[in-house]
Amino acid sequence: MKKTFMIEFELPQSFDEEFMALIPKQRYIINTMLADGRVKAYSLSMDRSKLWAIMTGTSEFEVMENIAQLPLSEYMSPNISELMFHNTSDAVMQFSLN
């Protein structure tokens, strides 16, 4: 059974060239995970100090395996919390006037 997890990542205070070079690959992998449902949401704070992701998986271990696939994982410290629920506006019934 799939569970939902909130991951809060602490990012480094400054980004070196190696970090910056990995961002396009990070975005590609996140987009792939969004497309296949492993990631439900992905957000970056305005000051670029924190990154949040909502991920699904059968266990926290599976989520950690997915995090390990991210190119920037060596630069980020994750804090993983299992969620009771995760509501989005997409999940709310929308009525058609037709």
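Each remark here, short or long, concerns the structure printed above.
Conventions adopted
Residues numbered from 1 in each chain as written. Predicted model: local features only at pLDDT ≥ 70, side-chain atom pairs only at ≥ 80, totals over all residues. Heavy atoms only, no water. Helix = DSSP H or I, 4+ residues; strand = E, 2+ residues; numbered from the N terminus. Buried < 20%, exposed > 50% of the residue type's maximum accessible area, 1.4 Å probe, protein only. Contact = heavy atoms within 4.5 Å. Pairing = 2+ DSSP bridges. Axes fitted to C-alpha atoms, helices over the stretch in contact; angles between N-to-C directions. 1 Å grid on protein atoms, 1.4 Å probe; cavity = no way out; pocket = protein on both sides within 12 Å on 5 of 7 lines; lining within 4 Å. Points joined across faces, edges and corners; volume = space filled by probe spheres on them. Nonpolar A, V, L, I, M, F, W, Y, C, P; charged D, E, K, R; others polar.

Novice: Quick question: what am I supposed to make of the side chain of Gln26 here?
Specialist: Its place among the elements puts Gln26 in helix α1 (residues 17–36). On the basis of relative accessibility, which here comes to 1%, the residue Gln26 falls in the buried class. Leave out the neighbours within four places in its chain, and Gln26 touches Tyr42, Leu51, Leu70, Pro71, Leu72 and Met76.

Novice: Any chance you could explain the sheet that holds strand β4 (residues 77–83) here in plain terms?
Specialist: Pairing between the strands of a sheet is mediated by backbone hydrogen bonds and can be parallel or antiparallel. What the 4 strands build is an open sheet, ordered β2-β3-β1-β4; its pairing is antiparallel. If you trace the sheet from one side to the other, it starts and ends with β2 (39–44) and β4, each paired once. The average undirected angle you get between the axes of adjacent strands in this sheet is 15°. Where strand β1 (residues 3–10) meets β4, 7 bridges bridge the pair, whose relative direction is antiparallel. Bridge assignment links Thr4 to a residue of β4, and that residue is Leu83. Its contacts with the sheet put α1 on β2 and β3 (50–57), and the angle it makes with β2 is roughly 145°.

Novice: Looking at this model, I keep getting lost on the layout of surface pockets. Mind explaining?
Specialist: Taking a probe equal in size to a water molecule and rolling it over the atoms shows the remaining empty space. The volume enclosed by the largest pocket comes to roughly 220 Å³. Lining the largest pocket we find Leu11, Phe15, Phe19, Ile23, Gln26, Arg27, Tyr42, Ser43, Leu44, Arg48, Leu51 and Leu72. Among the secondary structure elements, those contributing two or more residues to the lining of the largest pocket are α1 and β2. Looking at which element gives the most residues to the lining of the largest pocket, the answer is α1, with 4 residues. For the lining of the largest pocket, the class distribution of residues is 8 nonpolar, 2 polar and 2 charged.

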